[in-house]
Amino acid sequence: MAAGYTFEPRILGFLCNWCCYAGADLAGVSRYQYPPNIRVIRLMCSGRVDPAHIFRAFSTGQDAVFIGGCHLNDCHYVTHGNYGALGMVYICKKLLEHIGLNPERLRLEWVSAGEGIRFANIMNEFGPRIEKLGPLGKGEGIDEHELKFKLEAVTKLIPYIKLVQSERLRVSVRTEEAYNKFFTSEEFNRLFNELIIDKLALYLHVSARNQDIGTVVVDNDKIDRIINKHQGKAGSLVQVLLEIQHENHWLPQDVLDRISKKLDVPLSRVMQIVTFHKTFSLIPEESNE
Amino acid sequence: MPRINSASELEELRKGVLSERDPHKPCIAICAGMGCLGVSNGRVISAFEEEVNKKDLKTKVDIRATGCHGYCEKGPMVVIYPEEICYVEVTPEDVPEIVSQTVLGKKVIDRLIYTDPDTGEKAAHQSEIPFYKNQMRHLLGNNTKIDPRSIDDYLAVGGYFALSKSLFEMSPEEVLEEIKKADLRGRGGGGFPAGRKWETARNAPGKEKYVIVNAHEGELGAYMDRAIFTGNPHSVLEGLIIGAYAIGSHQGFIYTRHDSPQLKNNIDIALAKAEEYGLLGENILGSGFDFHVEVHLDIGIFVSGESSALMRSIEGNIPEPRPKYIRTSVSGIWGKPSDLNNVETWANVPLIINKGSEWYTGTGTERSKGTKLVSLSGNIVNTGVAEVPFGTTIREIVYGIGGGIPNGKKLKAVHFGGPMGGSIPESLLDTPLDFDELAKLGAPIGAGSMLVLDEDTNMVDLARYFLKFLSDESCGKCVPCREGIRQMLRILANISGGKGREGDIERLEEISEVTGSASLCALGKTAADPLLSTLRYFRDEYEANIENMKCLSEK
């Protein structure tokens, strides 16, 4: 390793208030030693961890995410949130795998308030494990740019994934066996591929293109010229948009902001028009319109 | 060019233009309308220019790229003046021969003139060709004589005389009265009397009023507005200014679509020229009347042709219709009285003022006066734009002008008015062209597109095609239209896809009734019209479709 630099993994922990957080507290009070890589966020229940939180963490450069909850059937709420967390983690691991990240970077464990030693043991094992995997992306050999748009694509798809989860990927029996059985079954694989992977492929495609073209700086002077040509009247909004669409073949967000400001038209109205007509495109098109 | 400041100056200018023109000087008029542009007439035009330059005839021969001549089937068309020899389907290779033989040698080239496909008879002049012979071309007639980009050409055929007549010899009330007497009805589809609309706008409270040209023309198979507006933009503009004078408006809009750049171009030139001549802008012709026009270029989805949607669009909103408890002629753009008329309606106005309402009412039927432009398409020999007086029977239009059905097929039906119109069967072909007669038959004239269908047409598929179009074009604001069309489409798809069930037809009728009475705008209200009219005349086809499938499944 290069002199002076050692890789210190950054781990974000989401710990449930009633069990795992108390367990971690106990580990501290009892002076058990474990690597100081984890930063903790306390939640009322592990079930409150949203896929968006996990991918946000990865997007901001965390190398791993740890979720700690109560043992199954020990949840402090009637909702049994930790079962929710279990299903969610299965899906997220699958997503991570799909975009080329090691699913081990996401870990879910059950730690009760009395198991301080267990928490320390897990951390002693998890920290070095991540250290071995290397920094996020680099360890897997994905380049930084690529990683960014892949995470972005998944983040955009999350509301849809949650919908699919609640509609099609539900386990009716609340036992660990039933969950493990379902999430490792062929049926789950098939549904996952059909409902999520296809859509994700499309998002990845669009996101990749946005990255490429988005770097092209939009010529503000040109846009101002078009706006001025139409005397900056509110009624000429459509004409301004049309002309820019013709020139640029799509309408980037900052252009819309600029039009809204210059013509003194609320952005909501600009968006209303742009999304109403099929002529306008909010993503770069490959062909000419 | 200095401004014209009075009626007499305008007449002097006209005299000047005319005196410069030698009526015996040869002129080559080449159609540069939409249809002919599609068949590479650009090359024909440049070939003529080249040839004339090569032979050093630039001062002796005029070349004029005109608007649509109407006979799109035989394009590109070329008319040689002063003999008015008409050549059809001209190619760039024919050009040297035309210049040397006809323009200089005054000889007719036999192989280029029109030959009747049935009789083999030849016609050297436009007026002898059956397609033109049976028309009455009040509005389109000037198209061959005018370069749309030249205001002088329009002045030479008596343009803007009606404007100066209205401004100096008539009061706004008199102009309005004249239009009312002429019984001019809106050509855009509804057939609402234009005079009454003007009067409503005129009497509506408020100082600011607007007049609008609806050059949207979204109807499938309709292209007559384009023909007249692209070919003779000044005639529409003149009508608009006269209308504004009668209504008391000082601001006009021209609403057109972004996908017809040629039209936009010609309008822009016409507006600039008219302003330069003092026919538009402040103090028109020195009369003290001010009028400005703005061109509004829009996306133009189908529903934007609807008056309230169009006005919202001009305001800079999305083209969604609003309920019209209050007419747009009372509360339109920005809540101000706004009079909206179709291109063709405006083009009729100078004609009425020039020749008087008595002359105008001389043609047409009891309730529909004047002439109507129709665009012929579908299974017909002569595709194109024709102008006929009201009262002409459909048979005359299809066979006399249209040349009948190609390939010896029989005619099955004629469909009027595009996706919101209706069809009439062969048996009713002797119905006269008339707003009310056709509406009674469930096939309102619409904007005037005539789709001719031969015996091979499946009427269920036709209705389905139109409904599919409307379901794509519905703006989605009101539920009856959005969902009603979709459900009707589903049932129709079932019927034509072989999954029709008994009771489907009744269900269609029920849904169409609800959609028709509950929708906000004309799009939804008339969405089921093609369906209902085909059900009315071709119900057996629907039944056969369902029946057949039942037999098949029972086997």
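Treat the numbers as computed from the prediction; the structure is a model and nothing was measured. (Residues numbered from 1 in each chain as written. Chains lettered and ligands numbered in written order. Predicted model: local features only at pLDDT ≥ 70, side-chain atom pairs only at ≥ 80, totals over all residues.)

## Points about the overall build of chain B
Each helix and strand counted, chain B has 21 helices and 15 strands in total. Taken over the C-alpha trace, chain B has a radius of gyration of 25 Å; the compact-globule value for 555 residues is 24 Å, and the two agree within 12%. Seen through its principal axes, chain B has C-alpha atoms that stretch 80 × 60 × 40 Å. Considering only contacts in chain B between residues 6 or more positions apart, those separated by 24 or more positions represent 72%. (Helix = DSSP H or I, 4+ residues; strand = E, 2+ residues; numbered from the N terminus. Rg over C-alpha atoms; globule rule 2.2 N^0.38 Å. Contact = placed C-beta atoms within 7 Å.)

## Considerations on the interface of chain B and chain A
Chain B puts ten residues into the contact, and the matching count from chain A is twelve residues. Within the residue set of the side of chain B that touches chain A, elements represented by two or more residues are strand E9 (292-298) and helix H13 (307-315) of chain B. For the side of chain B that touches chain A, the element with the most residues is H13(B), which contributes three residues. A per-class count over the side of chain B that touches chain A returns five nonpolar, three polar and two charged. (Nonpolar A, V, L, I, M, F, W, Y, C, P; charged D, E, K, R; others polar.)

## A look at the domain arrangement of chain B
All names here are of chain B. Domain boundaries in chain B define domain 1 (18-127), domain 2 (159-360), domain 3 (371-454) and domain 4 (459-554). When each unit is reduced to the centre of its C-alpha atoms, the spacing between domain 1 and domain 2 is 33 Å. At the junction of the two partners, domain 1 supplies six residues and domain 2 supplies six residues. In the side of domain 1 that touches domain 2, the residues fall into two nonpolar, four polar and no charged. (Domains from an automatic or database assignment.)

## Structural notes on the domain arrangement of chain A
Split into domains, chain A comes out as domain 1 (11-209) and domain 2 (220-276). Relative placement of domain 1 of chain A and domain 2 of chain A: their C-alpha centres are 42 Å apart.

## Description of the pairing of strand E3 (residues 64-69) of chain A
Strand residues, when the strand is regular, have side chains that alternate between the two faces of the sheet. Residues and elements named next belong to chain A. Counting buried residues in E3 gives six out of six residues, a clear majority hidden from the surface. Because side chains alternate across E3, one face comprises the buried residues Ala64, Phe66 and Gly68, and the other comprises Val65, Ile67 and Gly69, equally buried. Where strand E1 (residues 11-16) meets E3, five bridges bridge the pair, whose relative direction is parallel. Paired with Ile11 across the bridge in E3 is Ala64. Sheet topology note: the E3/strand E4 (residues 106-110) ladder contains five bridges and is parallel. Counterpart to Gly68 in the pairing with E4 is Glu109. Running through helix H3 (residues 81-98), the crossover from E3 to the neighbouring parallel element E4 is right-handed. (Buried ≥ 20, exposed ≤ 12 C-beta atoms within 10 Å, placed from the backbone. Pairing = 2+ DSSP bridges. Right-handed = clockwise from strand over helix to strand, strands pointing away.)

## Things to note about the confidence of the model for chain B
Predicted coordinates in regions of low pLDDT should not be interpreted in detail. Residues and elements named next belong to chain B. Of the residues in chain B, 98% reach a pLDDT of 70 or more, and the chain-wide mean stands at 87. Taken element by element, the predicted model of chain B shows its lowest mean pLDDT in helix H2 (residues 34-38) (76) and its highest in helix H11 (residues 233-247) (93). Per the prediction output, this complex has pTM 0.74; the corresponding ipTM is 0.72. (pLDDT = per-residue confidence, 0-100.)

## Points about the pairing of strand E3 (residues 78-81) of chain B
Residue and element names in this part refer to chain B. Pairing analysis gives four bridges linking strand E1 (residues 27-31) to E3, with the strands arranged antiparallel. Counterpart to Ile30 in the pairing with E3 is Val78. Where E3 lies against strand E4 (residues 85-87), three bridges are found, and the strand directions are antiparallel. Within the sheet, the bridge partner assigned to Val78 lies in E4 and is Tyr87. Count of turn residues in the E3/E4 antiparallel hairpin: three residues, of which Glu84 carries a positive phi of about 60 degrees.

## Examining the nonpolar core
If you look at the biggest cluster of nonpolar residues, it comprises 180 residues, and the most contacted ones within it are B:Ile30, B:Val78, B:Ile228, B:Ile241 and B:Val452. Per-element tally for this core: the top contributor is H11(B), with nine residues. If we ignore the near neighbours within four places in the chain, the residues touching B:Val452 are B:Leu376, B:Gly378, B:Asn379, B:Ile380, B:Val398, B:Gly402, B:Ile405, B:Leu411 and B:Val414. In terms of nonpolar packing, the next biggest core, distinct from the first, is built from 57 residues, A:Cys20, A:Ala85, A:Phe119 and A:Phe149 among them. (Core = buried A, V, L, I, M, F, W, Y, C linked by C-beta atoms within 7 Å.)

## Re the packing of helix H1 (residues 20-29) of chain A against helix H4 (residues 116-133) of chain A
All names here are of chain A. The interhelical angle for the contact between H1 and H4, taken along N-to-C directions, is 85 degrees, at an axis separation of 7 Å. Judged by the inter-axis angle, H1 sits roughly perpendicular to H4. Within the contact between the two elements, H1 uses Cys20, Gly23, Ala24, Leu26 and Ala27 and H4 uses Gly116, Ile117, Arg118, Phe119 and Ala120. (Axes fitted to C-alpha atoms, helices over the stretch in contact; angles between N-to-C directions. Parallel < 35°, antiparallel > 145°, perpendicular 65-115°, else oblique.)

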